[in-house]
Amino acid sequence: MAESKLSERAPEPVGAFPHAKRVGKLLFLSGIGPRKRGTPDIPGVTLNDAGDVIDSDIAAQTMAVFENVRFVLEDAGATWGDIVDVQVFLTNMKRDFGTFNRLYADHFAGPGKPNPTRTTIEVGALPTPIAVELKVIAAIQGG
């Protein structure tokens, strides 16, 4: 039986979907971006008065996404170490991949880190003015 999970710490979903859905010991996260809960603020994004992006810091956005993923995992009973697969969506591969990849390696690769499988895709746009979004699957070890 599938069970929907919502986090009180991660940003509110931008559509009619839960933060995650647990099926047995698998936890499927919806796309997670860098927004902050309860505010229109997006770390690493500067907008002009018309709402157009005038500056984008992929490092700040990436770190905010990692924090939001951690919030959803923890609030659904999983840990960072339970991550088994990550899908990465970048809006500008040429500009952002190097920085993203370095930060990703710091948090996912190496001894004691989850070292999940990964796919990175460039997309034309994401639902809000963000440059990165993660789709994560975790295999919950406990409970």
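Residues numbered from 1 in each chain as written. Predicted model: local features only at pLDDT ≥ 70, side-chain atom pairs only at ≥ 80, totals over all residues. Heavy atoms only, no water.

(A) Structural context of the overall build of the chain. What the chain contains, in helices and strands, is two helices and eight strands. Put simply, the chain runs from its N terminus to its C terminus through helices and strands in the order β-β-β-β-β-α-β-α-β-β. For 143 residues, the compact-globule estimate of 2.2 N^0.38 gives 15 Å, and the chain sits close to it at 15 Å. Here the chain holds 143 residues, and the buried ones make up 38% of them. Sequence separation of at least 24 residues holds for 66% of the intrachain contacts in the chain that already meet a minimum separation of 6. (Helix = DSSP H or I, 4+ residues; strand = E, 2+ residues; numbered from the N terminus. Rg over C-alpha atoms; globule rule 2.2 N^0.38 Å. Buried < 20%, exposed > 50% of the residue type's maximum accessible area, 1.4 Å probe, protein only. Contact = heavy atoms within 4.5 Å.)

(B) Quick peek at helix 1 (residues 58–75). Helix length check: helix 1 (18 residues) gives 26 Å between terminal C-alpha atoms against 26 Å at 1.5 Å per residue, within 8%. What helix 1 keeps buried is the set I58, Q61, T62, A64, V65, F66, N68, V69, F71, V72 and L73. At the N-terminal end of helix 1, a side-chain oxygen is found 3.0 Å from the backbone nitrogen of A59, two or three residues along, and the residue is D57. Positive backbone phi, at 90 degrees, marks G77, one or two positions downstream of helix 1. (Expected span 1.5 Å × (residues − 1). Polar contact = N/O pair within 3.5 Å; in protein donor to acceptor, adjacent residues only side chain to side chain.)

Just geometry here; none of it tells us what the structure is for.
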